[in-house]
Amino acid sequence: MRAMRFLLTGLLALLAVVSAVAEPRSVTEDEFRRMLKLAPAVTLHYRDLECRPLAFAGFAAAMQEKGVGSEIERAADGSSVTATIHRRGAKSCPSPYPPVTEMPPFDLRDLDGRRVTSAALKGRPTLVNFYFAKCVPCILEVGPLNRFAASRPDMNFLAVTFDEPDEARAFVQRFGFKWRVVPDARDFLDRMRVKNYPLVALFDAQGRLLGTKRGGARDELEAAAVLPQLERWVEHLERGEAP
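Residues numbered from 1 in each chain as written. Predicted model: local features only at pLDDT ≥ 70, side-chain atom pairs only at ≥ 80, totals over all residues. Heavy atoms only, no water.

*Asks:* I would appreciate a short explanation of the overall build of the protein chain in the present structure.
*Replies:* A tally of regular secondary structure across the protein chain gives 10 helices and 10 strands. Here the protein chain holds 243 residues, and the buried ones make up 47% of them. Considering only residue pairs separated by 6 or more positions, the protein chain has 64% of its internal contacts joining residues 24 or more positions apart. As presented, the protein chain carries roughly 12800 Å² of accessible surface, and 54% of it is formed by carbon and sulfur atoms. (Helix = DSSP H or I, 4+ residues; strand = E, 2+ residues; numbered from the N terminus. Buried < 20%, exposed > 50% of the residue type's maximum accessible area, 1.4 Å probe, protein only. Contact = heavy atoms within 4.5 Å. Areas by Shrake-Rupley, 256 points an atom, 1.4 Å probe, with all protein chains shown as cover.)

*Asks:* Teacher, can you tell me more about the packing of aromatic side chains here?
*Replies:* For any pair of aromatic rings, geometry is given as the distance between the ring centres together with the angle between the planes. Enumeration over the complete set of coordinates arrives at 18 aromatic pairs. Note on tyrosine 131 and phenylalanine 177: the rings are 5.7 Å apart at their centroids and 90° apart in plane angle, and the pair reads as edge-to-face. With tyrosine 131 in the loop between strand E6 (126–130) and helix H5 (136–140) and phenylalanine 177 in the loop between helix H7 (165–175) and strand E8 (180–182), this pair connects stretches of sequence that are 46 residues apart. On the basis of relative accessibility, which here comes to 1%, the residue tyrosine 131 falls in the buried class. (Phe/Tyr/Trp six-rings, centres within 6.5 Å; stacked < 30°, edge-to-face > 60°.)

*Asks:* I keep staring at helix H6 (residues 142–151) and nothing clicks. Help me out?
*Replies:* For an α-helix the count is 3.6 residues per turn, leaving residues at separations of three or four pointing the same way. Listed as buried for H6 are Val142, Pro144, Leu145, Asn146, Phe148 and Ala149. In this structure, the buried side of H6 is in contact with E6, H5, strand E7 (156–160), H7, helix H9 (220–223) and helix H10 (226–238).

*Asks:* Explanation requested: unusual backbone geometry in the structure shown.
*Replies:* Excluding glycine, residues mostly carry a negative phi; peptide bonds, for their part, are mostly trans. Cis geometry marks the peptide bond from tyrosine 197 to proline 198, where omega comes out at -10°. As for its placement among the helices and strands, proline 198 is situated in the loop between helix H8 (186–191) and strand E9 (199–203). Residue aspartate 184 is not a glycine yet carries a positive backbone phi of 55°. As for its position among the elements, aspartate 184 is in the loop between E8 and H8. Backbone geometry at arginine 193 places phi at a positive 60°, although glycine is not the residue there. In this structure, arginine 193 sits in the loop between H8 and E9.

*Asks:* So what exactly am I meant to see when it comes to empty space enclosed by the protein here?
*Replies:* One simple way to see leftover space: roll a probe sized like a water molecule over the atoms. Using the criterion set out here, one finds one cavity of 30 Å³ or more in the structure. Its volume calculated, the largest cavity comes out at about 30 Å³. Residue lining of the largest cavity: Met103, Ser118, Leu121, Lys122, Arg124, Thr126, Phe203, Asp204, Ala205 and Gly207, and that is the complete set. (1 Å grid on protein atoms, 1.4 Å probe; cavity = no way out; pocket = protein on both sides within 12 Å on 5 of 7 lines; lining within 4 Å. Points joined across faces, edges and corners; volume = space filled by probe spheres on them.)

*Asks:* Got a minute to help me understand helix H2 (residues 29–36) in this structure?
*Replies:* Three or more residues of H2 are buried, namely Glu31, Phe32, Arg33 and Leu36. Positive backbone phi, at 60°, marks lysine 37, one or two positions downstream of H2.

*Asks:* Could you clarify how one ought to interpret the environment of leucine 209 in this entry?
*Replies:* Assignment of secondary structure puts leucine 209 in strand E10 (residues 209–214). For leucine 209, a relative accessible area of 22% puts it in the partly exposed group. When the C-alpha positions of leucine 209 and methionine 103 are compared, they lie 6.5 Å apart, and in sequence the two are 106 residues distant. Residues contacting leucine 209, with those up to four places away along its chain left out, are Val100, Thr101, Glu102, Ala201, Leu202 and Phe203.

*Asks:* Would you mind showing me how to read the pairing of E7 here?
*Replies:* Both faces of the sheet carry side chains from a regular strand, because those side chains alternate between them. Counting buried positions along E7 gives five out of five residues, so the element sits mostly inside the fold. Side-chain alternation along E7 places Asn156, Leu158 and Val160 on one buried face and Phe157 and Ala159 on a second face that is also buried. Where E6 and E7 come together, five bridges link them in parallel fashion. Opposite phenylalanine 130, over in E7, you have valine 160 as the bridge partner. Across three bridges, the pairing between E7 and E8 is parallel. Bridge pairing links leucine 158 to arginine 180 in E8. Between the parallel elements E7 and E8, the chain passes through H7 in a crossover that is right-handed. (Pairing = 2+ DSSP bridges. Right-handed = clockwise from strand over helix to strand, strands pointing away.)

*Asks:* I tried to follow the state of the cysteines on my own but got confused; where do I start?
*Replies:* Simply put, the disulfide is a covalent bond whose two ends are the sulfur atoms of two cysteines. In this structure the tally under the stated criterion is two disulfides. With its sulfur 2.0 Å from that of its partner, cysteine 51 forms a disulfide with cysteine 93. Taking the sign of the torsion about the S-S bond as the criterion, the disulfide between cysteine 51 and cysteine 93, at about -95°, is left-handed. In this pair, cysteine 51 sits in the loop between strand E1 (43–47) and helix H3 (56–62) while cysteine 93 sits in the loop between strand E3 (80–87) and strand E4 (107–109), placing the two residues 42 residues apart along the sequence. The exposure class assigned to cysteine 93 is buried, which follows from its relative accessible area of 8%. (Disulfide = S-S within 2.5 Å.)

As structure tokens, this is what we get:
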């Protein structure tokens, strides 16, 4: 299931508002950074439709065009963000950052308010499930994921979503998801370059990324194959074999 990249609808709305008043003003770069919730130390870059570097003024002007949005890419270490102009239906620009090879550092809270960090997960292999509440294939995979986790007490299991805590909690309660869930984790999802859901990522005990696997069960029949496929995939990666 393809999830839309982080489109900057907030900026579009603000641009629409300021253009409607008697004396329109330009959106400042500081305002844009606040929309993205970026720390002052984070470097922000812009690219045009042809993936070329772009000044903020050109970026803001392009965002006012009909059918235009923006795709956000974050460096795995969180030090840099690139916003690229994107027209609906057009091909995306390649990422300006190298592939993710290890778990990006994070310090978040789970649904119970307990702190969970990337450092604390080291020492055991970790399987991370990326999902969101309205994703039908994500719902179909809950049962198989629960059974796999029950069969592997030697591993860490973490489910990560961009859903707000209330929505994530309702999902857990309705579908009986038994993994530890971290809600409202957009920054971590962006740094992991998650574009499709559901997705699982396997990390070794040192936090190195061994591989990722897309889900996508469309019905109960396909969902029945999720567990054996996941078992084989994890086994091959742990042996250092191609899945």
